[in-house]
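Descriptive structure summary
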Amino acid sequence: MYIELIDLLRCPREHADSWLVAAFNKMDGRFVVEGKLGCPVCSATYGIREGIADLSEDPYEVTHGCGRLGDPEEEAAVRAAALLGLTK
């Protein structure tokens, strides 16, 4: 999947229209080989494998977050970490 195409993708779920946030594990030039796409609205994540984004509704492929964290500062920190691809 070419990196420029990610800006055009939207979450397929029923909610407010939003872009998807990307985290890359493997790239080949401007081509994303492995990674994840995440929705900042519903917290769903979708995998990118072998250059193909899987936006299916398969429960084994899509994971959901636990919703709001409560504290606005804590939520902002978690969202910033997600955008940066931080895992700890």
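Coordinates for the structure precede this section.
Let me sum up the structure you'll find in this document. (Residues numbered from 1 in each chain as written. Predicted model: local features only at pLDDT ≥ 70, side-chain atom pairs only at ≥ 80, totals over all residues. Heavy atoms only, no water.)

**Here we look at the nonpolar core**
Formed by Met-1, Ile-6, Leu-9, Cys-11, Leu-20, Val-32, Leu-37, Cys-39, Ala-44, Tyr-46 and Ile-48, the largest nonpolar core amounts to eleven residues. Where this core is concerned, the elements lending two or more residues are strand S2 (31-38) and strand S3 (45-49). Contacts of Cys-39, omitting those with residues within four sequence positions, involve Cys-11, His-15, Leu-20 and Ala-44. (Core = buried A, V, L, I, M, F, W, Y, C linked by side-chain atoms within 4.5 Å. Buried < 20%, exposed > 50% of the residue type's maximum accessible area, 1.4 Å probe, protein only. Helix = DSSP H or I, 4+ residues; strand = E, 2+ residues; numbered from the N terminus. Contact = heavy atoms within 4.5 Å.)

**Considering the state of the cysteines**
The final tally for this structure, using the stated rule, is zero disulfides. The thiol sulfur of Cys-39 is not disulfide-bonded, and the nearest other cysteine sulfur, from Cys-42, lies at 3.7 Å. Given a relative accessible area of 5%, Cys-39 falls into the buried group. (Disulfide = S-S within 2.5 Å.)

**Here's the deal with a nonpolar patch on the surface**
Residues Tyr-2, Leu-5 and Leu-8 make up a contiguous nonpolar surface patch of about 350 Å² in total accessible area. Note that Leu-5 resides in the segment before strand S1 (21-28). (Patch = residues over 30% accessible without salt bridge, like charges linked within 9 Å, V, L, I, M, F, W, Y side chains within 5 Å. Areas by Shrake-Rupley, 256 points an atom, 1.4 Å probe, with all protein chains shown as cover. Salt bridge = Lys/Arg side-chain N within 4 Å of Asp/Glu carboxyl O.)

**Points about the pattern of salt bridges**
Going through the model one piece at a time under the given rule, you end up with two salt bridges. For the salt bridge of Arg-30 with Glu-4, the shortest nitrogen-to-oxygen distance reads 2.7 Å. Linking Arg-30 in the loop between S1 and S2 with Glu-4 in the segment before S1, this pair joins segments that are 26 residues apart in sequence. The class for Arg-30 is exposed, based on a relative accessible area of 51%. Assessed through its relative accessible area of 42%, Glu-4 is described here as partly exposed. Note that Arg-10 and Asp-17 form a salt bridge whose closest N and O atoms lie 3.7 Å from each other. Judged by relative accessible area, Arg-10 falls into the partly exposed class, the value being 35%. Residue Asp-17 is classed as exposed on the basis of its relative accessible area of 66%.

**Some details on the pairing of S1**
Direction of pairing for S1 relative to S2: antiparallel, over a ladder of seven bridges. Note that in S2 the partner of Ala-22 across the bridge is Leu-37. (Pairing = 2+ DSSP bridges.)

**A closer look at the side chain of Ser-18**
Within the secondary structure, Ser-18 is located in the segment before S1. Judged by relative accessible area, which is 8%, Ser-18 ranks as buried. With residues near it in sequence (within four places) discarded, Ser-18 still touches Leu-9, Arg-10, Cys-11, Pro-40 and Val-41.

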